[in-house]
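Spelled out, the chains give:
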Amino acid sequence: MPQTKFWLPESEIPTHWYNMVADLPNPPAPVLGPDGQPIGPDALSAIFPDAVIEQEVSRERWIPIPEPVRELYQLWRPTPLIRAHRLEAALGTPAHIYYKYEGASPAGSHKLNSAIAQAYYNRLEGVTRMTTETGAGQWGSSLALAGQMFGIEVRIYMVKVSYQQKPFRRSMMQTWGATVLASPSMESTSGRAALAQDADNPGSLGLAIAEAVEEAASRSDTNYGLGSVLNHVLLHQTVIGLEARKQFALAGEYPDVIFAPCGGGSNFGGVAFPFLADKAGGRTVRLVAVEPASCPSLTRGHYAYDFGDTVGLTPLMKQYTLGHDFMPPSIHAGGLRYHGASALVSQLYHERLIEAVAVPQLATFEAGVTFARAEGIIPAPESCHAIRACIDEALQCKDSGEPRVLFFNLSGHGHFDMASYDKYFNGELEDYAYPEEAIIAALARLPKVPA
Ligand SMILES: *Cc1c(COP(=O)(O)O)cnc(C)c1O
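If you're wondering where the values come from, they're calculated on a predicted model, not measured in any experiment.

Chemist: So, the overall build of the protein: which residues are in play, and what are the values?
Modeler: Looking only at helices and strands, the protein has 18 helices and 15 strands in total. For the protein, the spread of C-alpha atoms along the principal axes amounts to about 60 × 50 × 50 Å. Within the protein, contacts between residues separated by at least 24 positions form 77% of all contacts whose residues are at least 6 apart in sequence.

Chemist: Which residues make up the site of the ligand, and what values go with them?
Modeler: In the neighbourhood of the ligand, 17 residues make up the surrounding shell, with Lys111, Ser228, Gly263, Asn267 and Ser411 lying closest. Here an oxygen atom of the ligand and a side-chain polar atom of glutamine 138 are 3.5 Å apart. Within the side chain of serine 266, one N or O atom sits 3.1 Å away from an oxygen atom of the ligand. Surface burial for the ligand is 97%, taken as the share of its 380 Å² of free accessible area covered by protein chains. Residues that form the shell around the ligand fall into these classes: four nonpolar, eleven polar and two charged.

Chemist: Describe helix 11 (residues 239-251), naming the residues involved and giving the relevant values.
Modeler: A rise of 1.5 Å per residue sets the reference length of helix 11, with its 13 residues, at 18 Å; its end C-alpha atoms lie 18 Å apart and thus fit the reference within 8%. One or two steps after helix 11, the chain reaches glycine 252, where phi turns positive at roughly 70°.

Chemist: Please set out the pattern of salt bridges residue by residue, giving values where relevant.
Modeler: By the definition in use, this model includes 22 salt bridges. In this structure, glutamate 88 and arginine 83 form a salt bridge, with 2.6 Å as the shortest nitrogen-oxygen distance. The class for glutamate 88 is buried, based on a relative accessible area of 8%. Between glutamate 355 and arginine 286 there is a salt bridge, with the nearest N and O atoms lying 2.9 Å from each other. One end of the pair, glutamate 355, is in strand 14 (residues 355-359); the other, arginine 286, is in strand 11 (residues 286-292), and 69 residues separate them in sequence. Residue classification places arginine 286 among the partly exposed positions, given a relative accessible area of 30%. Each of Arg129, Glu153, Arg155, Glu187 and Glu215 takes part in salt bridges that share partners, so that together they form one network.

Chemist: Which residues make up the sheet that holds strand 6 (residues 129-134), and what values do they have?
Modeler: Note: strands within a sheet are paired through backbone hydrogen bonds, in either parallel or antiparallel orientation. If you walk across this open sheet you meet the four strands as 8-7-6-9, and the pairing is parallel. Of all strands in the sheet, those bounded by a partner on one side alone are strand 8 (179-183) and strand 9 (222-224). Between one strand axis and the next, the sheet turns through 25° on average, direction left out of account. Inspection of the sheet shows strand 6 paired to strand 9 by three bridges, in the parallel sense. Across the sheet, the residue bridging to methionine 130 is asparagine 223, located in strand 9. Running at roughly 160° to strand 6, helix 5 (residues 138-150) makes contact with strand 6 and strand 7 (153-159) of the sheet.

Chemist: Lay out the environment of alanine 193 in plain terms, naming residues and giving numbers.
Modeler: Mapped onto the elements of the fold, alanine 193 is located in helix 8 (residues 189-197). Distance in space between the C-alpha atoms of alanine 193 and arginine 219 is 20 Å, their sequence separation being 26 residues.

Chemist: Run through the sheet that holds strand 10 (residues 257-261), naming residues and quoting values.
Modeler: The seven strands lie next to each other as 1-4-5-15-10-11-14, forming an open sheet whose pairing is mixed. Edge strands, defined here as strands with exactly one partner in the open sheet, are strand 1 (5-6) and strand 14. Sheet topology places strand 11 next to strand 14; five bridges connect them, and they run parallel. If you follow alanine 289 over to strand 14, its bridge partner there is alanine 356. Most of the contacts of helix 16 (residues 381-400) go to strand 10, to which it runs at about 155°, and overall it touches strand 5 (96-101), strand 10, strand 11, strand 14 and strand 15 (405-410).

Chemist: Run through the nonpolar core, naming residues and quoting values.
Modeler: Among the nonpolar cores identified, the biggest contains 58 residues, and Trp17, Phe48, Val69, Tyr73, Ile116 and Tyr224 are the most heavily contacted of them. Among the elements that take part in this core, helix 4 (residues 112-124) stands out by supplying seven residues, more than any other. Beyond its immediate sequence surroundings of up to four residues, phenylalanine 48 is in contact with Ile53, Asn223, Tyr224, Leu230 and His232. One finds Val285, Tyr320, Ala341 and Ile354 within the second-largest nonpolar core, a separate group that totals 36 residues.

Chemist: Can you lay out unusual backbone geometry for me, pointing to particular residues and giving the numbers?
Modeler: Following arginine 77, the chain continues into proline 78 via a peptide bond in cis, with omega recorded as -10°. The phi dihedral of valine 229 is positive, around 70°, even though this residue is not glycine. In this structure, valine 229 sits in the loop between strand 9 and helix 10 (231-237).

Chemist: Account for the packing of helix 15 (residues 361-375) against helix 16, with residues named and values stated.
Modeler: Contact geometry for helix 15 and helix 16: axes closest at 8 Å, N-to-C directions at 85°. Between helix 15 and helix 16, the angle is such that the two are roughly perpendicular. Of helix 16, the residues touching helix 15 (which contributes Ala363, Thr364, Phe365, Glu366, Ala367, Gly368, Thr370 and Phe371) are Pro381, Cys384, His385, Ile387, Arg388 and Ile391. In terms of residue class, the contact of helix 15 with helix 16 is built from eight nonpolar, four polar and two charged.

Chemist: Lay out the pairing of strand 6 with the relevant residues and their values.
Modeler: With respect to burial, strand 6 is a largely interior element, six of its six residues being buried. Burial of the side chains of strand 6 extends over both faces: Arg129, Thr131 and Glu133 are buried on one face and Met130, Thr132 and Thr134 on the other. Handedness of the β-α-β unit built from strand 6, helix 5 and strand 7 comes out right-handed.

Chemist: Account for the environment of methionine 186, naming residues and giving values.
Modeler: Its location among the elements puts methionine 186 in the loop between strand 8 and helix 8. For methionine 186, a relative accessible area of 55% corresponds to the exposed category. Separated by 25 residues in sequence, methionine 186 and glutamate 211 place their C-alpha atoms 9.6 Å apart. Excluding anything up to four places from it in sequence, methionine 186 contacts Arg192 and Leu195.

Chemist: For the environment of leucine 145, give the residues involved together with the corresponding values.
Modeler: As for its placement among the helices and strands, leucine 145 is situated in helix 5. The spatial distance from the C-alpha of leucine 145 to the C-alpha of alanine 89 is 38 Å, given a sequence separation of 56 residues. When near neighbours in sequence (up to four residues on either side) are disregarded, leucine 145 contacts Pro106, Leu112 and Trp176.

What counts as what
- Throughout this description, residue numbers start from 1 for each chain and increase along the sequence as written.
- Local features in this predicted model are restricted to residues of pLDDT 70 or higher, and side-chain atom pairs are both shown and tallied only at a pLDDT of 80 or more, whereas totals for entire chains, interfaces and linings draw on every residue.
- The side-chain numbers reported here are obtained from all heavy atoms of the structure, hydrogens and water having been left aside.
- Helix and strand labels come from DSSP, where a helix needs a run of H or I of at least four residues and a strand needs a run of E of at least two; each type is numbered from the N terminus.
- Residue contacts are counted whenever heavy atoms from the two residues lie within 4.5 Å of one another.
- For each residue, the test is whether any non-hydrogen atom lies within 4 Å of the molecule or strand; if one does, the residue is near.
- Polar contact is the term for a pair of N or O atoms within 3.5 Å; when the atoms are in protein, one must be able to donate a hydrogen and the other to accept it, and sequence-neighboring residues count only if both atoms are side-chain atoms.
- For every accessible area listed, the method is Shrake-Rupley and the probe measures 1.4 Å; residues are considered covered only by the protein chains on display.
- In this count, Pro and Cys sit with the nonpolar residues alongside Ala, Val, Leu, Ile, Met, Phe, Trp and Tyr, while Asp, Glu, Lys and Arg are called charged and the others, Gly among them, polar.
- Residue count minus one, scaled by 1.5 Å, sets the expected span of a helix.
- Here, a salt bridge means any Lys or Arg side-chain nitrogen found within 4 Å of an Asp or Glu carboxyl oxygen.
- Relative accessibility thresholds used throughout: buried, under 20% of the residue-type maximum; exposed, over 50%; partly exposed, between the two (1.4 Å probe, protein chains only).
- At least two DSSP bridges between two strands are required for those strands to pair.
- A fitted line through C-alpha atoms serves as each axis, taken over the contacting stretch for helices, and the angle formed by two N-to-C directions is quoted from 0 to 180°.
- Throughout, nonpolar core names a set of buried Ala, Val, Leu, Ile, Met, Phe, Trp, Tyr and Cys residues whose side chains join them through atoms within 4.5 Å.
- An angle counts as roughly parallel when it lies under 35 degrees, as roughly antiparallel when it exceeds 145, as roughly perpendicular when it falls between 65 and 115, and as oblique in every other case.
- A crossover counts as right-handed when, viewed with the strands pointing away from the observer, the path leading from the first strand over the helix to the second turns clockwise.

Structure (structure tokens):
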């Protein structure tokens, strides 16, 4: 019987996170304030704990993982690396396909890796209340659980369309003790302004971020937690790639191509960065970020300074963006609907050290169903993006006869996304390519900064 799972013992949970910034070929672009001038770390102290701000700007290669965080990681880490023998057979490909299963976490996705760390640092610095936003609900669930573990009250602004479409994600957050508010809400000036313009505003991640940041900035007992995009979040997620490297050594293989779904970039960074360090050392691994054709920030966005939220409350970061006022069509299921991408991922893409592809919605569900029928696990719609790109590569290997080693991050399970699968089975989902006019128009609304 060929080996399927490559397990590591709990003692092999990484002791340090890997900081990609230490190995960037060029220094990161500075973060700018509203006046277009670089801001110092202290500008963030109203909403983040000092330890997190330190990580955000750190250039140290290895950052120790606090023992209480490692102990909570023990609840589900190390996650398994699985060889997809049955998927290979179903596709008839000579490729070797592996996936790392981050859906094994209690919250059902990779996001708990950072939530635990963020809640820990906030508690350490005496914070007892946190706000955040959530799109599809995975990040909100993760912070709800992490807050519960460290005795922090968590308030979650959930994008209204998801609040309505995914009631059980909401129940999950409530089970772990969090308060969930549909965004736009009447709780913030940003929310009230959005509702005044359009009472049926379906919400967006950028708008929910604005609401959560506004509340955190206005109260001294309250901090904010972000589930992706920022350097410290990508840092926390590197436990995925660090474990995977050891597991590939157990399997006696090394990946030729790595795929991860890319929204803000945290699970992509988490799985890819430790391998990118190997690439700098002479390995030839390709790293592919996979995004939806309906929200193609890397493949079709502008590389420019932009805000992280809709209203313009956050500092400006250089990133691939569709414009901070991007309003995704509410037809598209999934949590990859953010207008921008992590500054780190954007810079690496701009410098051509990583690749990106955009895939249409129907093809991603088709890939998810193929995967579920072969391997059993029902993937989150976000994860289906990586599966689509990986299957396409495996089919190319079939044509060329090359036995390449392919690896994707199965970032979460789809147990709370069955309504989306239902729509797919009922033929109610459509492909939607983000219109070129909207992308051009966004350019005109980017904040003006000195060159
Ligand atoms: C949030 C999420 C993603 C995408 O977000 P990133 O910040 O790019 O990691 C992908 N998969 C799942 C399951 C998610 O919950």
